[in-house]
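Geometric and topological summary
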Amino acid sequence: MTSKNNGLSAALVSNLQDVLSKRKGGSDESEEEPPSTSVAAKEEEEKKEIDDDSRPIVLVTNGDGIDSPGLVSLVEALVSGGLYNVHVCAPQTDKSVSSHSMTPGETIAASSVDIKGATAFEVSGTPVDCISLGLSGALFAWSKPILVISGINQGSSCGHQMFYSGAVAGAREALVSGVPSLSISLNWKKGESKESDFKEAVGVCLPLINATIRDIEKGVFPKDCSLNIAVPTSPSSNKGFKVTKQSMWRQSPSWQAVSANRHPGAGNFMSDQQSLGAQLAQLGRDASAAGAARRFTTQKKSIVEIESVGVAPKTESRVKKYFRLEFVAKEEEHTDEDSDIKALEDGFVSVTPLSLLPKMDSETHAAVSEWISKALNSDQ
């Protein structure tokens, strides 16, 4: 009885217990919310990092193609550091020996690619196409990056290989557009090198990349030059960085004849390597040729009527041959201690400054001047 007459009725006590129970339950629910809130905050933070325009923008391309392990390893390292807003614009297929070629007058496709932490596109063009498009403002919203990095490519780009290299050309195109650039290659050796070497090469080059961006921001990075970096075959055991000059070394081009039997498209009038647009255009030309053959059969007996769509045969015979180009490394001794290939073979990371400025030694210039003068006078 006393408990009933203490000012708290049984109904009120019951209500209070219900409220306290619900409040406790609500407290438990609120304790379960932070994890989901934390995940959402993390996702928002990651999105903010990608879209954060305050971080320096780095544009990456290469010559081996967007799926190559060298580019993948490089982008992963740049993204994981969180220091840069990383963008990728790279060929969708191997264009490692495309040199400074471009694709004017043809439509190229730029397709988005999912690379964690980066904004990436694969382009149906050359490395130079990629950089030219990337810097044009047509693909990305920003005006220009602080640095373009081209690589890491499989096989060194020392000596005369620079003229063939799509990776070096991508970096050169950036320099043409007024953007500092680095081209990086790994001295890959068949049977000795392995894919993990690319990650080691990235680790070797990352301090130099960071220093480059830091000094560009300070305005003390060397102007009007691109750095061509060649990493030795065993990146982790390198002897340090060495500033070098371009050598005369190159791999020898070797053309091998391919028989029609070994070439699957040898009997076709179109190669399987042609694009769909080129194939359709070829079909149109062939159809026109066939129609013309039918129309003029009565006028020219030398033209044979073609009933099916195909190339109208010509009266003269033509020979069609097939070849495949491979580059073969030459065994030779390099004696110039300051050359890129010598430093690379000795285990150093070769750093060769490349410039767009015309360089011609005075002796050669004088010799050409004298020759021109004599050649023109002799014709008179």
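Being a predicted model, the structure only gives us computed values, none of them experimental. (Residues numbered from 1 in each chain as written. Predicted model: local features only at pLDDT ≥ 70, side-chain atom pairs only at ≥ 80, totals over all residues. Heavy atoms only, no water.)

Digging into helix α5 (residues 166-176)
Counting buried residues along α5, 9 of its 11 residues qualify, which places the element largely inside the surrounding structure. Within the sequence span of α5, burial applies to G166, A167, V168, A169, G170, A171, E173, A174 and L175. The N-terminus of α5 is capped by S165, whose side-chain oxygen sits 3.2 Å from the backbone nitrogen of A167. Trailing α5 by a residue or two, G178 shows a phi angle of about 85 degrees, which is positive. (Buried < 20%, exposed > 50% of the residue type's maximum accessible area, 1.4 Å probe, protein only. Helix = DSSP H or I, 4+ residues; strand = E, 2+ residues; numbered from the N terminus. Polar contact = N/O pair within 3.5 Å; in protein donor to acceptor, adjacent residues only side chain to side chain.)

Side note on a nonpolar patch on the surface
On the surface, V368, W371, I372 and L376 cluster together into a nonpolar patch covering about 410 Å² of accessible area. Within the secondary structure layout, W371 lies in helix α9 (residues 362-379). Exposure remark for W371: the relative accessible area of 55% places this residue in the exposed category. (Patch = residues over 30% accessible without salt bridge, like charges linked within 9 Å, V, L, I, M, F, W, Y side chains within 5 Å. Areas by Shrake-Rupley, 256 points an atom, 1.4 Å probe, with all protein chains shown as cover. Salt bridge = Lys/Arg side-chain N within 4 Å of Asp/Glu carboxyl O.)

Details of the side chain of S247
Here S247 is to be found in the loop between β8 (241-243) and β9 (252-258). Among the residues examined, S247 registers a relative accessible area of 10% and is labelled buried. A polar atom in the side chain of S247 sits 2.7 Å from the side chain of D340. What S247 contacts, discounting residues up to four positions off in sequence, is G159, H160, S339, D340 and I341. (Contact = heavy atoms within 4.5 Å.)

Quick look at the packing of helix α2 (residues 69-81) against helix α6 (residues 196-218)
In the contact formed by α2 and α6, the axes pass within 9 Å of each other and the chain directions differ by 50 degrees. One way to sum up the angle between α2 and α6 is to call them oblique. The two elements α2 and α6 meet at a crossing, and its hand is right-handed. Along its contact with α2, which presents P69, G70, S73, L74, E76, A77 and L78, the element α6 presents F198, K199, V202, L206 and I209. (Axes fitted to C-alpha atoms, helices over the stretch in contact; angles between N-to-C directions. Parallel < 35°, antiparallel > 145°, perpendicular 65-115°, else oblique. Left-handed = near helix turned anticlockwise from the far one by under 90°.)

Some words on the packing of aromatic side chains
Under the definition given, this model contains 3 aromatic pairs. With centroids separated by 5.8 Å and ring planes inclined at 70 degrees, the aromatic side chains of F121 and F140 adopt a geometry described as edge-to-face. Taken as a pair, F121 in strand β4 (residues 118-123) and F140 in the loop between α3 (127-136) and β5 (147-154) lie far apart in primary sequence, 19 residues in all. This pair shows no difference in class: F121 is buried, exactly as F140 is. Ring centres 5.0 Å apart and planes at 15 degrees place the aromatic pair F140 and W142 in the stacked group. Relative accessible area serves as the criterion here: at 4%, F140 is assigned to the buried category. (Phe/Tyr/Trp six-rings, centres within 6.5 Å; stacked < 30°, edge-to-face > 60°.)

With respect to the pairing of β5
Where burial is concerned, most of β5 is hidden: 7 out of the 8 residues are buried. In this sheet, β5 lies alongside strand β1 (residues 57-61) in parallel orientation, the contact comprising 4 bridges. The residue of β5 that forms the bridge with L59 is V148. (Pairing = 2+ DSSP bridges.)

Structural notes on the packing of α3 against α5
The relative placement of two packed helices comes down to the angle between their axes together with the axis-to-axis distance. Running from amino to carboxyl end, α3 crosses α5 at an angle of 25 degrees, the nearest separation of the two axes being 8 Å. The angle between α3 and α5 places the two elements in the roughly parallel class. As α3 packs across α5, the resulting crossing turns out to be right-handed. Touching P127, V128, I131, S132 and L135 of α3 are G166, A169, G170, E173 and A174, all from α5. A breakdown of the residues in the contact of α3 with α5 according to their chemical character gives 6 nonpolar, 3 polar and 1 charged. (Nonpolar A, V, L, I, M, F, W, Y, C, P; charged D, E, K, R; others polar.)

Some details on the nonpolar core
V60, L78, V88 and I209 are the most contacted members of the largest nonpolar core, which totals 36 residues. With 13 residues, the next largest nonpolar core counts C89, F121, C130 and F140 among its residues. (Core = buried A, V, L, I, M, F, W, Y, C linked by side-chain atoms within 4.5 Å.)

Things to note about the sheet that holds strand β11 (residues 349-355)
Each strand in a sheet pairs with its neighbour through backbone hydrogen bonds, running either in the same direction (parallel) or in the opposite one (antiparallel). Within the open sheet, the 9 strands sit side by side as β3-β4-β2-β1-β5-β6-β7-β11-β8. Their pairing is mixed. Edge positions in the sheet fall to β3 (110-115) and β8, since each of these pairs with one other strand and no more. The average undirected angle you get between the axes of adjacent strands in this sheet is 25 degrees. Relative to β4, β3 runs antiparallel, the two being bridged by 6 bridges.

Structural notes on the side chain of N187
Among the secondary structure elements, N187 is positioned in the loop between β6 (181-186) and α6. Judged by its relative accessible area of 13%, N187 falls in the buried class. Apart from residues lying up to four places away in sequence, N187 is in contact with S156, S193, V231, P232, T233 and L344.

Regarding the pattern of salt bridges
Scanning the model with the defined rule gives 4 salt bridges in all. Two residues, K194 and D197, come together in a salt bridge whose shortest N-O distance is 3.5 Å. Taking relative accessible area as the criterion, K194 reaches 46% and is therefore assigned partly exposed. Between K342 and D346 there is a salt bridge whose closest N-O contact spans 3.7 Å. Under the relative-accessibility criterion, D346 is labelled partly exposed at 26%.

Honestly, that's just the spatial picture; any functional story needs more than this.
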